[in-house]
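Each chain, letter by letter, is given below.
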Amino acid sequence: MTTSSTLRSGAGDRAVAGPGPRAPRRRRGDGAAALAFLTPSIITFLVFVLAPTVGVLVLSFYNWNLLSDGTFVGLDNFTRLLHDGRLLGVYGSTTYLALVILTVNVVAGLLLAVLLETRMPRWLRAFFRLSFLFPFVVSASAVALIWRFLLNKDLGLVNYLLGLVHVDRIDWLGSSAFAPVSVIIVNSWKTIGFSILVYIAGLQSIPDELREAAIVDGAGAWTRFWRITFPLLSPTVFFLVVINTINSFQIFAEPRVLTQGGPGDSSRTIVEYLYDRAFGDFDLGYASAIGITFALVLVVLTAVQFWFSRRWTQG
């Protein structure tokens, strides 16, 4: 009796447990499906990111002008970077443009997002959101070309409006003082909509109960913003700081179309200087060395931002 009951109980356990090998097959099937979905992204990354990056790295060790066979020069291209005085000036102008654009996008974008989240008719809020977002989806070259006519010294609409309030004409595109300002205005006007959109998403994720509780406790608008809104919004701020830093250091279309980097190098960026060396001077090896070092600079900047973010971001 004991043996038969044991056999019956064992058979019953196997019946409840079910066949064992099906679960591993299901897991393998899930892995194959995931790989199938990831394959287009993997191929895109390999073809358009990894392969060009490796190609630029290899090319930085050669002297090549697109026409003749390349000559291996070792680290000579990187050594030239240390003796290129013009490159240091271009880094300076790029840093100035990037820092001001970053500040405008992060600070002004936050202020405008908070204003757009205040009470107003829904149709008016939608109108302002679309107004700020529309320039972001337009081609940078098209935006720069339109602003080139608006900022024209003699025929531009901007100087015409300034003349109505008795302000002398400004040489927005031909002055070393105002050419960088023009690039900053145009780039900020185009890109601030993205920051506003991300800020609005972050503001809407903050529970209303926290603000209502602060109002009940007698907290003013500034206290609510500084003690509740900004700490909970700090991950969003950090994300926009990183993204806008990378994008602002890589601007190309605006200075290229508006000022061609001039006068002199006052509004020239690293990407524009790299482009000129590669396709103006046909010095692709040296341009590749500039690109490699510039990529390393951006990696270091991003790493520093991540390190400092631990001190002030929450979440």
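Residues numbered from 1 in each chain as written. Predicted model: local features only at pLDDT ≥ 70, side-chain atom pairs only at ≥ 80, totals over all residues. Heavy atoms only, no water.

### Re the packing of helix 4 (residues 85–116) against helix 10 (residues 221–249)
A pair of packed helices can be characterised by two numbers: the angle between their axes and the separation between those axes. Note the threshold: Helix axes are fitted to C-alpha atoms over the stretch in contact, other axes to C-alpha atoms as well, and angles between N-to-C directions run from 0 to 180 degrees. Counting from the N terminus, the helices are the DSSP runs of H or I reaching at least four residues and the strands are the DSSP runs of E reaching at least two. Note on convention: the crossing is left-handed when the near helix lies turned anticlockwise from the far helix by less than a right angle, right-handed when the turn is clockwise. Only heavy atoms matter for contacts: two residues are in contact if any of them lie within 4.5 Å across the pair. All amino acids are sorted into three groups, where Ala, Val, Leu, Ile, Met, Phe, Trp, Tyr, Cys and Pro are nonpolar, Asp, Glu, Lys and Arg are charged, and the leftover types, Gly among them, are polar.
At a closest axis distance of 10 Å, the pairing of helix 4 and helix 10 adopts a crossing angle of 145 degrees. Crossing of helix 4 against helix 10: the hand is right-handed. Here T94, T95, A98, I101, L102, N105, V106, L110 and V114 of helix 4 come into contact with helix 10, specifically with F225, F230, L233, V237, L240, V241, N244, T245, S248 and F249. For the contact of helix 4 with helix 10, the residue count by class is 13 nonpolar, six polar and no charged.

### As for the environment of L232
Using the following cut-off: Type-normalised accessible area, obtained with a 1.4 Å probe on protein chains alone, sets the label of each residue: buried when under 20%, exposed when over 50%, and partly exposed for intermediate values.
Position of L232 relative to the elements: it lies in helix 10. On the accessibility criterion, L232 (40% relative accessible area) is partly exposed. Each residue touching L232, except ones within four places of it in the same chain, is listed here: I206 and L210.

### Observations regarding the side chain of N105
As a reminder of what qualifies: Polar contacts, as counted here, are pairs of nitrogen or oxygen atoms within 3.5 Å of one another; within protein the pair requires one atom able to donate a hydrogen and one able to accept it, and residues that are adjacent in sequence qualify only if both atoms are side-chain atoms.
Position of N105 relative to the elements: it lies in helix 4. On the accessibility criterion, N105 (0% relative accessible area) is buried. Only 3.4 Å separates the side chain of N105 from the backbone nitrogen of I192, close enough to count as a polar contact.

### Structural notes on the nonpolar core
One recurring pattern in soluble globular proteins: nonpolar side chains tend to sit buried together. The cut-off we apply is this: Definition of nonpolar core: a set of buried residues of the types Ala, Val, Leu, Ile, Met, Phe, Trp, Tyr and Cys, connected through side-chain atoms within 4.5 Å.
Among the nonpolar cores identified, the biggest contains 17 residues, and V106, A113, I196 and Y199 are the most heavily contacted of them. Contributing elements (two or more residues each) for this core: helix 4, helix 8 (179–204) and helix 10. Contact partners of Y199, with chain neighbours within four places excluded, come to N105, V106, G109, L110, A113, L233, T236, V237 and L240.

### Quick word on the pattern of salt bridges
The condition that has to hold: When a carboxyl oxygen of Asp or Glu is within 4 Å of a side-chain nitrogen of Lys or Arg, the pair counts as a salt bridge.
Under the defined criterion, the tally for this structure stands at 13 salt bridges. For D276, the salt bridge is made with R256, and the minimal N-O distance between the two is 2.7 Å. Of this pair, D276 sits in helix 12 (residues 270–280) while R256 sits in helix 11 (residues 253–258), placing them 20 residues apart in sequence. Judged by relative accessible area, which is 17%, D276 ranks as buried. Residue classification places R256 among the partly exposed positions, given a relative accessible area of 27%. When salt bridges with common partners are traced through the structure, they connect R86, R256, D265, R268, E272 and D276 into a single cluster.

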